[in-house]
There are 2 protein chains.
Amino acid sequence: MSVDPRRLAHAIRFLAMDACERVGEGHPGTPLGAAETATALFTRHLKFNPADPLWFDRDRFVLSAGHGSMLLYALLHLTGYAGMPIEAIRSFRELGSPCEGHPEYCPAHGIEATTGPLGQGVANAAGMAVAEAFLAAQLGPGIVDHRSYAILGDGCLQEGVAQEVTSLAGHLRLGKLCWLWDDNRMTDDGAIGIAQSEDLPARFRAAHWQVLEVDGHDIDAVDAALRLARRDPRPSFIACRTIIGRGLPDIEGTRAAHSGKLTRALTDAARRALDWPHPAFEIPAEIAAAWREAGRRSLPQYEAWQGRVAALPKEKRRLLDRLREGRLPEGWQDGLRAYAGRAAAEGLTQHGWKTCGELVDLAAAAIPEMLAGAPDLEAATQHKRRLHAFTAEDRAGRYLHYGVREHAMGSMLNGIAAHGGVVPSGVTYLVFSDYERPAFRMAAMMGLPVLFAFTHDSIGIGRNGPTHQPVEYLASLRAIPNLLVFRPADAVEAAECWELAIGHRSGPSCLIFARQPQEAVRREAGGNRSARGAYVLAEAEGGPRAATLLATGTEVALALRARALLAAEGLPVAVVSMPCWELFEQQPRDYRAAVLGDAPRIGVEAAVRLGWDRWIGPEGAFIGMSGFGASGAEDDLWRHFGITAEAVAAAARDQAAGPA
Amino acid sequence: MSVDPRRLAHAIRFLAMDACERVGEGHPGTPLGAAETATALFTRHLKFNPADPLWFDRDRFVLSAGHGSMLLYALLHLTGYAGMPIEAIRSFRELGSPCEGHPEYCPAHGIEATTGPLGQGVANAAGMAVAEAFLAAQLGPGIVDHRSYAILGDGCLQEGVAQEVTSLAGHLRLGKLCWLWDDNRMTDDGAIGIAQSEDLPARFRAAHWQVLEVDGHDIDAVDAALRLARRDPRPSFIACRTIIGRGLPDIEGTRAAHSGKLTRALTDAARRALDWPHPAFEIPAEIAAAWREAGRRSLPQYEAWQGRVAALPKEKRRLLDRLREGRLPEGWQDGLRAYAGRAAAEGLTQHGWKTCGELVDLAAAAIPEMLAGAPDLEAATQHKRRLHAFTAEDRAGRYLHYGVREHAMGSMLNGIAAHGGVVPSGVTYLVFSDYERPAFRMAAMMGLPVLFAFTHDSIGIGRNGPTHQPVEYLASLRAIPNLLVFRPADAVEAAECWELAIGHRSGPSCLIFARQPQEAVRREAGGNRSARGAYVLAEAEGGPRAATLLATGTEVALALRARALLAAEGLPVAVVSMPCWELFEQQPRDYRAAVLGDAPRIGVEAAVRLGWDRWIGPEGAFIGMSGFGASGAEDDLWRHFGITAEAVAAAARDQAAGPA
């Protein structure tokens, strides 16, 4: 390359500056400070093809410091992604622009993950490295052999999720994972020393990473470190010492460079200082050409890979195509449907966690790309069963022991899904889902098909007490857009819901099970009644409905018992099971009205009322929780909190009698 | 002490075993494994007085490995806490017992924090150490000079929150913080090596902790380490190598000891192996006496402290009494009320974060024990202003730079509040509150008066895009029991809500503000209209209500504009401001009915609908968000998502016209 590589970095720098100046906001600090680091990566190491952004064996790059989004947009523009023309850069942060305030997941544009909330991106990258290792074991290194990179700042490293991932990635020896730390020693509040004095290289060495320390503005030094990273079996942490906002002579190295407003005077001074006389948004031809050349750098590898793919045996080729298109194998539902049939025939009543485990087991048997895992709850959640562990030594393993690291699990599941080719699931107790909640939001926003499973879903867990009894979680999960929340009543619905969740490819699902036995309420299977979200499980008999009981999960059986009590009194009451509110909300109005009926309604769920008024109305009765749980025997708790068939029946009687 | 100290540990061991065996569940692993470690701490170091559990200058002890709750209950029983008689131990895990499945906050019983969700307890202990240092600077070391201890397991250390706190506690040089790691190398899934291989001592050294490694079953060794901990200015991490379930010869050192069911055969074998012929729940007199003596060990210090308190100058004595009783200073509300008055008179319209910052500033000026902080958002949240930083060097500082560690902040705020004597507040962007959410739940469960403040509350933030735009957060916060969620409309309501939140001493509050200007909607102050949670801000004029607009936050101003549009058309519409749903829910039914009115209702909130049906009914209209936000100019976003006065007016017209 004849162009001085420092000029390549300047091209990033000025695109970023110009975009921030134009719109009057943005974070110039990272794109300017990490320009050389990114140049070294994109012009000498990253394996990618802007002409085929979805190339399955491309290296993955995540800008974990998402506020520095212009760094990524500039790189994608310069290397020739069709979705990132100069007009996109010019429209940075305008509604409808692909150059959004923070990068939004769009692999076709070269954006591998939505980032912004700190720590998420590095965890995603670790998940991608897991997916790569897992797929390489299935498809062979000729087909899958790529690396996962992230650029991150101090903020990412301070977040607990990144610390969890640091520990786990070192343990798993994710040797193709490389984090480039933009070590600029400046935060939003000021010098890093205000809040951080940890010896980060030592911290990474303690977690068994290779640690390299370089001048982040020295492209050759970063290049050399990246070479070393590629040769080491450990994940690599490259500390790139940089100056925030480098190139803005008036504010570089200061707090103002983080996200300070760029004025024309500031950018003019930068143009003078860096000998960059070109107008805003204009890249000199030779520099533009050199960047395009960098974007074509991997073409020989790309073509060789295509050749290897073409030469694959037919079966393997079919598998590869299926995986990269994200299609599930033919007949993947069969096992689940057979299970539902057996459960219906037998009237299977068993612990929710056991049912959940059996279904994951069946799904995993049918879907070889399913990668399950849990944060140190293998026995209690039964997610592992016949799967063997994915470890540093065995990449063919299909169960990841995440350790007690829920947040890392959630965010790595997102990375695994974003990578593609793998169906990730993770399970924990519902009450610990708050620890991974930030990952649910990102999965929902990215539209990633991640399976988040949970057991131990209510006061039904008994003696472990309120810390372990979720009461607000159903509501808080239902609040997240683009997330399906399933709470099946019994084993039949459980199989139906797992099928719906696995088949749902445009967003994540939560699947929620009890610890205690889930009593059989469905004695017929076939079709998938859960698919409409809610349905009449037992119509009123002996007359028009005097009341309708709406319930989810284990409380459906309780509603049925109340219905029987009332039937004995001659009060005809219907029971509606509502395993998935979001799917029910999508049904035609007529269907919803028919299911809900005109009679007074009573909601039954061992959780808080929030959200239930949608179905029962503000005057409807609700049998559930109004506060936290307690420690005691399960049966004592149901009675103590008044969640009993008798209480439901009494509420129905009151409601049926009408207002006093 | 003439009793062999190992026999003291055995007393813990057998109480734990007997309690677990009796109830048929529980986690014997920790109490048995950490029995000697805890014995060293409680019989030779911990400063406490079971006869006065609330002694302000006691050492704080948190069992972060909360599943090992019987360790704590045994210690409290043996050292003589009145609230922990042998009957309590016998009723372990029964409904109503003070010996709950996991420890529940109850300082009067010696339980300093609710623990169970891993990582929370160690963070609480760090918060307690901050409170101690802060109060010592205010009251002097003769009055406040105590240590904060935690016993934790591998699970706690794997959690991100603990990792964040590790980094921050080292940075802050919390020298009176000491973590005792029950290093038993066994997890629920099996040997620790399944998921962890990090060099934890090196990891703590990197964060500038003193690290000591001892045999956790050697009481003298633990004792010596605790001595060293007391002499070092750094926080101390004592790795106590132990055997899980030590004393159960058939299962000690195995996974089964973590939470396996204890049978009579197992405990009989333990009795034989440890030469403990005593019946279940019986402690031999000499051992019981030795433990009681240990419980009286700090009496000389206690009495000396009482003497120093008695000798305090009157002013300081008054301050101490006020702080330990958790009473706020006289007239603390004056500044807030005056602010409300000025804001009403001026029609103050200004950025939400600025108003929030000014109010915190006023509150802090009136409440010297207020300790504010934020995770690297000092400028954007304006929580610091005139406060100076609490640092390793300056313990009188009243603003803590938490770094980008939201979870640590939340859980440390809980520890600060649980310690007592300090009014903790922490602020961040609302969208990052998910990172600290597990702490909200614990604060609510413990009933701690923590002030969780948030800015940047909706799509109103504009160009930073959907990652930074909360849409589901109001609903998910409202789902948490015992948590007040305030979203004031303008500066007057803001002052009212801050007063309500600070004055609310039996639980936490969330205070939520916009990034953009919050338009003045209240032109009168005095009284506190927000105290009822919702109120009629503008009654319909020119006739009975044709519709009622219900709104919160910045959307109240929008509702008022819609009301004006409709008034011009002759449609009389009322606007109700609802700054706090939880307080409104507590009002008498008549008041609620009068506020809500009989006319059709329209909810207006730039967030998801979940929960709103409670107020508007399932057929009510809702103007808000149904999915995630977008990146663009603020005004473009309001229009794009249809949250405008025109849209509200149109919805009101439709509703007023009745069903089609």
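Residue indices follow the written sequence of each chain, beginning from 1 at its first position. In the order they appear in the text, chains get letters beginning with A and ligands get numbers beginning with 1. For this predicted model, a pLDDT threshold of at least 70 governs which residues receive local features, and a threshold of 80 or more governs which side-chain atom pairs are given and counted, while totals over whole chains, interfaces and linings are taken from all residues. Where side-chain values are given, they derive from all heavy atoms of the structure, hydrogens and water being excluded.

### Thoughts on the overall build of chain A
Working step 1: Put simply, DSSP marks the helices as runs of H or I at least four residues long and the strands as runs of E at least two long, and each gets a number from the N terminus on. When its secondary structure is counted, chain A shows 28 helices and 20 strands.
Working step 2: Note on method: radius of gyration uses C-alpha positions; expected globular size equals 2.2 Å times residues raised to 0.38. Its C-alpha atoms give chain A a radius of gyration of 28 Å, near enough to 26 Å, the size a compact globule of 660 residues would have.
Working step 3: A 1.4 Å probe and the Shrake-Rupley method give the accessible areas. Residues count as covered only by the protein chains that appear here. Of the roughly 19,700 Å² of accessible surface on chain A, a fraction of 50% belongs to carbon and sulfur atoms.
Working step 4: Asp and Glu count as negative and Lys and Arg as positive, but His and the ends of the chain are not part of the count. The location of each charge is read from NZ of Lys, CZ of Arg, CG of Asp or CD of Glu. Counting 68 positive and 78 negative side-chain charges, chain A places the averaged centre of each group 4 Å from the other.

### A short note on the relation of the copies chain B and chain A
Working step 1: Each copy is superposed on the other by least squares, with the fit set by C-alpha atoms of residues at a pLDDT of at least 70 in both. The operation relating chain B to chain A is a screw motion whose rotation component is 180°, with 0.0 Å of axial translation and a residual RMSD of 0.0 Å. A rotation of that kind, with that shift, is consistent with a two-fold axis. Among all residues of chain B, the minimum C-alpha distance to the rotation axis is found for Gly160(B), at 1.8 Å.

### Let's talk about unusual backbone geometry
Residues and elements named next belong to chain A.
Working step 1: In this structure, Phe281 is a non-glycine residue whose phi angle is positive, near 65°.
Working step 2: Although it is not a glycine, Arg385 adopts a positive phi angle of roughly 45°.
Working step 3: Mapped onto the fold, Arg385 is located in the loop between helix H18 (378–381) and strand E10 (399–401).
Working step 4: Classification of Arg385 by relative accessible area gives partly exposed; the value is 37%. Note on classification: 1.4 Å probe, protein chains only; a residue is buried when its accessible area is under 20% of the maximum for its type, exposed when over 50%, partly exposed between these limits.

### Description of the sheet that holds strand E14 (residues 509–512) of chain A
All names here are of chain A.
Working step 1: The parallel open sheet is built from 6 strands, whose spatial order is E10-E9-E11-E12-E14-E13. Because the sheet does not close on itself, it has two edges, and the strands there are E10 and strand E13 (484–486). Put simply, the sheet's adjacent strands are angled 20° from each other on average, direction ignored.
Working step 2: Paired strands, as defined in this entry, are two strands with at least two bridges between them according to DSSP. Note: strand E9 (residues 370–374) against strand E11 (residues 423–429), 2 bridges, orientation parallel. Opposite Leu371, over in E11, you have Pro424 as the bridge partner. Between the N-to-C directions of two axes lies an angle of 0 to 180 degrees, each axis being a line fitted to C-alpha atoms and, for a helix, fitted only over the stretch in contact.

### Regarding the packing of aromatic side chains
Working step 1: Each Phe, Tyr or Trp ring (for Trp, its six-membered ring) is paired with any other whose centre lies within 6.5 Å, and the angle between the two planes then decides the class: stacked below 30 degrees, edge-to-face above 60, tilted in between. The tally for this structure, following the rule as stated, stands at 42 aromatic pairs over all chains.
Working step 2: Aromatic pair Phe48(A) and Tyr81(A): ring centres 6.4 Å apart, planes at 15°, arrangement stacked. Of this pair, Phe48(A) sits in the loop between helix H3 (35–44) and strand E1 (60–63) while Tyr81(A) sits in the loop between helix H4 (69–79) and helix H5 (86–90), and the two are 33 residues apart along the sequence. Both residues of the pair, Phe48(A) and Tyr81(A), count as buried.
Working step 3: Note on Phe584(B) and Trp615(B): the rings are 5.2 Å apart at their centroids and 55° apart in plane angle, and the pair reads as tilted. Here Phe584(B), found in helix H24 (residues 581–585), pairs with Trp615(B), found in helix H26 (residues 613–616); they are 31 residues apart in sequence, far enough to count as distant.
Working step 4: The class for Phe584(B) is buried, based on a relative accessible area of 0%.
Working step 5: Taken together through their ring pairs, the aromatic side chains of Trp581(A), Phe584(A), Tyr591(A), Trp612(A), Trp615(A) and Phe622(A) make up a single cluster.
Working step 6: Distance and angle both matter: a charge sits over a ring if NZ of Lys or CZ of Arg is within 6 Å of the ring centre and within 35 degrees of the ring normal. Of note, Arg532(A) hangs over the ring of Tyr591(A), and the distance from its end group to the ring centre comes to 3.7 Å.

### Considerations on the UniProt feature "domain: Transketolase-like pyrimidine-binding" (unreviewed entry) in chain A
Working step 1: Per the UniProt annotation, the sites labelled "domain: Transketolase-like pyrimidine-binding" (unreviewed entry) are residues 350–521 of chain A.
Working step 2: Helix makes up 38% of residues 350–521 of chain A and strand makes up 18%, while its end C-alpha atoms are separated by 12 Å. UniProt positions are given in the numbering used here, feature names are shortened, and annotations may be inferred rather than shown by experiment.

### Some points on the domain arrangement of chain A
Working step 1: Bear in mind that the domain bounds are from an automatic or database domain assignment. You can read the domains of chain A as domain 1 (5–184 + 197–301), domain 2 (334–518) and domain 3 (531–657).
Working step 2: Placing a centre on the C-alpha atoms of domain 1 of chain A and another on those of domain 3 of chain A gives a separation of 52 Å.

### Regarding helix H15 (residues 314–325) of chain A
Residue and element names in this part refer to chain A.
Working step 1: With 12 residues, H15 should cover 16 Å at 1.5 Å per step; its first-to-last C-alpha distance of 16 Å lies within 8% of that length.
Working step 2: When H15 is considered as a whole, its buried residues turn out to be Leu320, Asp321, Arg322 and Leu323.
Working step 3: Residue contacts are counted whenever heavy atoms from the two residues lie within 4.5 Å of one another. Its buried side turned inward, H15 meets helix H6 (120–139) and helix H14 (299–310). Helix span is expected to be 1.5 Å times the residue number reduced by one.

### Examining the environment of Phe622(A)
All names here are of chain A.
Working step 1: Of note, Phe622 is situated in strand E20 (residues 621–623).
Working step 2: Phe622 gets classed as buried once you look at its relative accessible area, which sits at 16%.
Working step 3: Between the C-alpha atom of Phe622 and that of Ala551, which follows or precedes it by 71 residues, the distance is 9.9 Å.
Working step 4: If near-sequence neighbours (up to four positions away) are discounted, Phe622 is found in contact with Gly603, Val604, Glu605, Ala607, Val608, Arg609, Trp612 and Ile616.

### Overview of the pattern of salt bridges
Working step 1: For this analysis, a salt bridge means a side-chain nitrogen from Lys or Arg found within 4 Å of a carboxyl oxygen belonging to Asp or Glu. This structure, assessed with the given rule, holds 94 salt bridges over all chains.
Working step 2: The partner of Glu358(A) in a salt bridge is Lys354(A), with the nearest N and O atoms 3.6 Å apart. Residue Glu358(A) and its partner Lys354(A) are located together in helix H17 (residues 352–366), separated by 4 residues, close to a single helical turn.
Working step 3: Salt bridges linked by common partners bring Glu585(A), Arg592(A), Arg614(A), Arg609(B) and Asp613(B) together as one network.

### Here we look at the sheet that holds strand E18 (residues 573–577) of chain B
Residue and element names in this part refer to chain B.
Working step 1: Here 5 strands make up an open sheet; going across it, the order is E16-E18-E17-E19-E20 and the pairing mixed. Only two strands of the sheet have a single neighbouring strand rather than two, namely strand E16 (535–538) and strand E20 (621–623). Neighbouring strand axes in the sheet, compared pairwise and without regard to direction, differ in orientation by 30° on average.
Working step 2: Where strand E19 (residues 601–604) and E20 come together, 3 bridges link them in parallel fashion. Residue pairing in the sheet places Gly603 in a bridge with Phe622 of E20.

### Re the interface of chain B and chain A
Working step 1: The partner chain A presents 101 residues to the 101 residues of chain B that form the contact.
Working step 2: Here chain B and chain A share an interface that buries about 8,200 Å² over both sides, 53% of which is from carbon and sulfur atoms.
Working step 3: For this analysis, a polar contact is any N or O atom pair within 3.5 Å, provided that within protein one partner can donate a hydrogen and the other can accept it, and provided that sequence-adjacent residues contribute only side-chain to side-chain pairs. For the interface between chain B and chain A, the tally reads 74 residue pairs in polar contact (both at pLDDT 80 or more).
Working step 4: Among the elements that line the side of chain B that touches chain A, the one with the most residues is helix H20 (residues 433–446) of chain B, at 8 residues.
Working step 5: All residues other than Ala, Val, Leu, Ile, Met, Phe, Trp, Tyr, Cys, Pro, Asp, Glu, Lys and Arg, Gly among them, are scored as polar; the first ten of these are nonpolar and the last four charged. Taken together, the residues of the side of chain B that touches chain A sort by class into 37 nonpolar, 34 polar and 30 charged. Buried surface area refers to the total accessible area, computed with a probe of radius 1.4 Å, that the two partners give up upon joining, counted for both partners together.

### A few points about the nonpolar core
Working step 1: The set of buried Ala, Val, Leu, Ile, Met, Phe, Trp, Tyr and Cys residues whose side-chain atoms join them within 4.5 Å is what this entry labels a nonpolar core. Trp179(A) and Trp179(B) are the most contacted members of the largest nonpolar core, which totals 274 residues.
Working step 2: Formed by 69 residues, the second largest nonpolar core is a distinct cluster that contains Leu8(A), Leu63(A), Met70(A) and Leu75(A).

### Some remarks on the packing of helix H1 (residues 5–23) of chain A against helix H13 (residues 285–295) of chain A
Residue and element names in this part refer to chain A.
Working step 1: Between H1 and H13, the shortest axis-to-axis distance is 10 Å and the interhelical angle comes to 95°. The angle between the axes of H1 and H13 places the two elements in the roughly perpendicular class. Together, Arg7, Leu8, Ala11 and Ile12 of H1 and Ile287, Ala290 and Trp291 of H13 make up the contact between the two elements.
Working step 2: Tallied by class, the residues present in the contact of H1 with H13 amount to 6 nonpolar, no polar and 1 charged. In what follows, roughly perpendicular refers to angles from 65 to 115 degrees, roughly parallel to angles under 35, roughly antiparallel to angles over 145, and oblique to any angle outside these ranges.

### Focus on H14(A)
Residue and element names in this part refer to chain A.
Working step 1: Relative to the 16 Å expected for 12 residues at 1.5 Å per residue, H14 spans 16 Å between its end C-alpha atoms, a close match to the ideal helical length.
Working step 2: If you check which residues of H14 are buried, you get Tyr302, Trp305 and Val309. Buried positions in H14, seen along its axis, are confined to an arc of 65° and lie on one side of it. Turned more than 90 degrees from where H14 packs its buried face, Pro300, Glu303 and Ala310 sit exposed.
Working step 3: In this structure, the buried residues of H14 make contact with H15. The arc under discussion is defined with respect to the helix axis, by the directions toward the C-beta atoms.

### Remarks on the side chain of Ser91(A)
All names here are of chain A.
Working step 1: With respect to the helices and strands, the residue Ser91 is situated in the loop between H5 and H6.
Working step 2: Within the structure, the side chain of Ser91 is placed 2.9 Å from the backbone oxygen of Ala88, a separation counted as a polar contact.
Working step 3: Other than its neighbours up to four places away in sequence, Ser91 contacts Arg22, Ser97 and Cys99.

### Examining the side chain of Asn528(B)
Residues and elements named next belong to chain B.
Working step 1: Examined against the element boundaries, Asn528 turns out to sit in the loop between strand E15 (517–518) and E16.
Working step 2: A polar contact of 3.3 Å, which involves the side chain of Asn528, links it to the backbone oxygen of Glu496.
Working step 3: Excluding residues within four positions of it along the chain, Asn528 makes contact with Glu496, Glu499 and Leu500.

### Digging into the pairing of strand E3 (residues 177–183) of chain B
All names here are of chain B.
Working step 1: Here E3 lies mainly inside the structure; 7 of its 7 residues are buried.
Working step 2: Where burial is concerned, the two faces of E3 agree: the one with Leu177, Trp179, Trp181 and Asp183 and the one with Cys178, Leu180 and Asp182 are both buried.
Working step 3: As paired elements, strand E2 (residues 148–152) and E3 share 5 bridges and run parallel to each other. Bridge pairing in E3 links Tyr149 to Cys178.
Working step 4: Relative to strand E7 (residues 236–241), E3 runs parallel, the two sharing 6 bridges. Bridge assignment links Leu180 to a residue of E7, and that residue is Ile238.

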